[in-house]
Amino acid sequence: MFEHSNNILIHGGTFTEHHHAQSSEAIKRLLEASSLGALHNSGERFDPPKCHPNTRTAVLQKLMDWFIGVFLWNKFMLWLYGPAGAGKSAIAQTFAELCAAKNGLLASFFFSRSSSRRNNEKAFVATLAYQLWLRIPESRTILEAAIDNNPAIFQLNFDTQFRTLFLDPLLQLSSAGRFTSATPFPNLIIIDGLDECHGDDIQNTVLNIISNAFQYHSSALPFKLLIASRPEYHLTTSFSVAPLHSLTIRLALDDTYRPDEDIKFYLTGSFGDIRKTHIMRAHLPDSWPSEKDIAKLVAKSSGQFIYAVTVIRYVSSPRHNPLNRLKVIQGLLGHTRNLILYISIFFLTWKMSKQSCKLLHDLEKFMQLTPGTVQLLLMDILSVVDASDNKKPIKFLHASFSDFLIDPTRSHQFFINPSKRHEEAAHFCISAIESLDIGRPLQTYAYQSLLNHLRLAGPLHDNTTLRKKVFEVPYIQHWRNYVRISRDAPFKYRQLFSQDPASFVHFLQTSQFRQSEELYLHHRSILDQKLREDLALVPMSPCLAFWTAVCASGILEHGRTVSLQIFWALTYPPILNILFYVPAFLFSALLSPIEVVNGRVGHEWLGGFIGTPYLPIVGEFLNDPSRAGPHVVDQLTYTTAAAFAVEFAVTAWDGTKSISLHPYRGEQWNFIWDAFTFMLSKAGYSAELVNMVGQKNLTFNLGRPSTNVRHRVQTLFAAVRDYFKQLSPLPFKIIINWTQRPSYNVDNCFTAEDLDDDGDTRRVFYIDESILPSDEDTQGLEDVKEPKDTPEPEGKKDQPCGNT
């Protein structure tokens, strides 16, 4: 209407100005949910730890080369790890500043154990989303809409928040070509101190959700992710297995990057600054401190910047004489053995107070001290430590005292250096394990704590003494004696799972020891020998073949509980000495070995077990002919096991079989269905097996599963059909009787209710090819992880079979 007009004046009327009030409210809520203190340039983190100029250059260059794609460009994640005080946060901070200056930093989050807004995951996603909103303007309308559409998003779980506020906006930007255009974009995410986020499970959740998302959308989201943390066991494990193992570059802060040179440079420069700026600078000679003094401080640092930083902080105090303060440190560096004992006693008291070894005389015995030594050493500090009775636990009278001891900025010369003390404690643990008669509390602490002490002891690859002790420790040989004397200990028996021989072997397999392969193979061979000796005591039988095949298959590696009733039912017909024919020690290191007592063979039983880390190790043994020898699980074993399982399945219901597994405990039958199907899918030709499945009216008397009923029936039918299809013309059918009572009335076919998880129909019916609506249902029979109980996808409902 005004196409060719100009100089138009409009008077009157009402105009509406849109300020996007709703979107502004969305951003306000995003800021409230964020932890701005976690940003690399936060005011809350004023003067954050960062690399001293011209230090850590090798590490920083390595990080930059990875980021810009000079090397390993296809690895989108880098794990920077090292012990406390190694300088991880300083490196992460410096690298964040370098990348931010080049517009390469998309987001960062610096966890902190001491901050309630930064020691958990609650503000994590919102903080990342705010930085996305800030650094990529095109994301703002997407994020604002996401918050407006779901006002409760900040109260939802981590996965939902991450997908809604971070992943989905990035994918929308990618679809719009934002990350493929010529316009540069920041593509680095830094997460520092992941180990300081409260809860091991939460840490793994954060790590797995983020890594899985970027792996799955790697082509659409060309981003790099830097994780910095201590090498905590659960994190080390996560980075050591698929998929993270193949996706991640591991960068350890060890001697590779010459920390001693950087520490020397830092100390030299910092002392130079003290000489120039301290109020007593006129009294500080240019030669102070000497090169020898610097060298001693570097050696004491043990590759950890935290010590050097603490020294400089202590010496540079403006209210004290730097000369005198350095002399204090130098005097304590050469102190008598009493100071070392003080620190060791404090450390072990603090650690043991959380374990079962608490009594003062236990501590002395554990540290191999003369009785009375601890009381003598602590007599002058009884105001904070109660060590008055050697038959009682040592007790810290003030809860803050332990916090003081592990804080170097407060305790100074009394600081408990974790890596050194963990190394010393590892020596004591090995000595306790070596001594069969040292007593239950000490062996309990030793077995519970050795691996943890070794993990936290710092770089040990040059410590030949400790390495030799680890090689020679009779961890596996003395394990069963430890379990035997610990059976009545006042703690839950299943806590022992984390210290069983398999955990020890796995630790050696993934440890940072130099030439760790030798340590791993040495102790693995000891475990293999124990297993072969135990198996040699068990008579060969179909029952043994079945249970060794179960162990080798991995079916039990999904947290299943196998009860005594299952063992009893699957040794049908009943055997008086069931435990002799079922080698339970294959499944759990907590079960006693077979023993000969008063001429009778037998061992104790705990009433069942649940899948543990022990199972994969034993499974590898059984699958390796070079290790298991005549006990290896091969196709012949699976064939024998399948015949054993089929014999059990086709055996008619009677009082014994029905009672062994209660009809309303369907979860017990889940394992039997899955094991039956798996064994048959692995079996080779056997005339015995062919005769059993070749019956005219082949009937399987199996209890109804509790979950995934339809899928279990489908896979069982497919396994039987595939095994027998070359010997019998189609159509093929089998009869299912899960009534748990004899029955001669067979219905024409199954109904939808028969295979419904929520159904409770208990009758006799047959199934044929119509149970398999597509080829998909017969796939995956070779996958040992198939038995995991998972809900059946919608749309998989089969129609009842027709008459054939």
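Note: the structure precedes this text.
Residues numbered from 1 in each chain as written. Predicted model: local features only at pLDDT ≥ 70, side-chain atom pairs only at ≥ 80, totals over all residues. Heavy atoms only, no water.

A. Representation of the side chain of Arg56 within the structure. Mapped onto the fold, Arg56 is located in the loop between α1 (21–33) and α2 (57–68). Sequence-distant contacts of Arg56, defined by excluding residues within four places in its chain, comprise Cys51, Ala86, Gly87, Ile91, Leu253, Pro259, Asp262 and Phe305. (Helix = DSSP H or I, 4+ residues; strand = E, 2+ residues; numbered from the N terminus. Contact = heavy atoms within 4.5 Å.)

B. Looking closely at empty space enclosed by the protein. One pass over the full model with this rule turns up five cavities of 30 Å³ or more. Taken together, twelve residues make up the lining of the second largest cavity; nearest its centre are Trp479, Arg480, Pro501, Leu527 and Tyr614. If you list the elements that add at least two residues to the lining of the second largest cavity, you get α22 (479–486) and α24 (516–536). The element contributing the most residues to the lining of the second largest cavity is α24, with three residues. Here the residues of the lining of the second largest cavity sort into nine nonpolar, one polar and two charged. Viewed by domain, the lining of the second largest cavity spans two of them, domain 4 (423–530) and domain 5 (538–771), each represented by three or more residues. (1 Å grid on protein atoms, 1.4 Å probe; cavity = no way out; pocket = protein on both sides within 12 Å on 5 of 7 lines; lining within 4 Å. Points joined across faces, edges and corners; volume = space filled by probe spheres on them. Nonpolar A, V, L, I, M, F, W, Y, C, P; charged D, E, K, R; others polar. Domains from an automatic or database assignment.)

C. Highlighting the environment of Trp673. Looking at where Trp673 falls in the secondary structure, it is placed in helix α32 (residues 666–682). Judged by relative accessible area, Trp673 falls into the buried class, the value being 1%. Along the backbone, Trp673 and Ala649 are 24 residues apart, and their C-alpha atoms lie at a distance of 9.3 Å. With sequence-adjacent residues up to four places away left out, Trp673 is seen in contact with Leu702, Gly703, Pro705, Arg712, Val713, Leu716, Ile736 and Trp738. (Buried < 20%, exposed > 50% of the residue type's maximum accessible area, 1.4 Å probe, protein only.)

D. Main features of the packing of aromatic side chains. Across all of its chains, the model carries 28 aromatic pairs by this definition. Ring plane angle 85° and centroid distance 5.1 Å describe the contact between Phe546 and Trp547, whose orientation is recorded as edge-to-face. Phe546 sits in the buried class, given a relative accessible area of 2%. By way of ring pairs, the aromatic residues Phe109, Phe111, Phe124, Phe158, Phe162 and Phe166 are connected into one cluster. Arg325 extends its terminal NZ or CZ atom over the ring of Tyr314, reaching a point 3.9 Å from the ring centre. (Phe/Tyr/Trp six-rings, centres within 6.5 Å; stacked < 30°, edge-to-face > 60°. Lys NZ or Arg CZ within 6 Å of the ring centre and 35° of its normal.)

E. Focus on the pairing of strand β5 (residues 248–252). Where burial is concerned, most of β5 is hidden: four out of the five residues are buried. Bridge count for strand β1 (residues 77–81) against β5 is five bridges, and the pairing is parallel. Residue pairing for β5: Trp79 is matched across the bridge by Arg250. (Pairing = 2+ DSSP bridges.)

Scope: geometric values only; no functional claims are made or implied.
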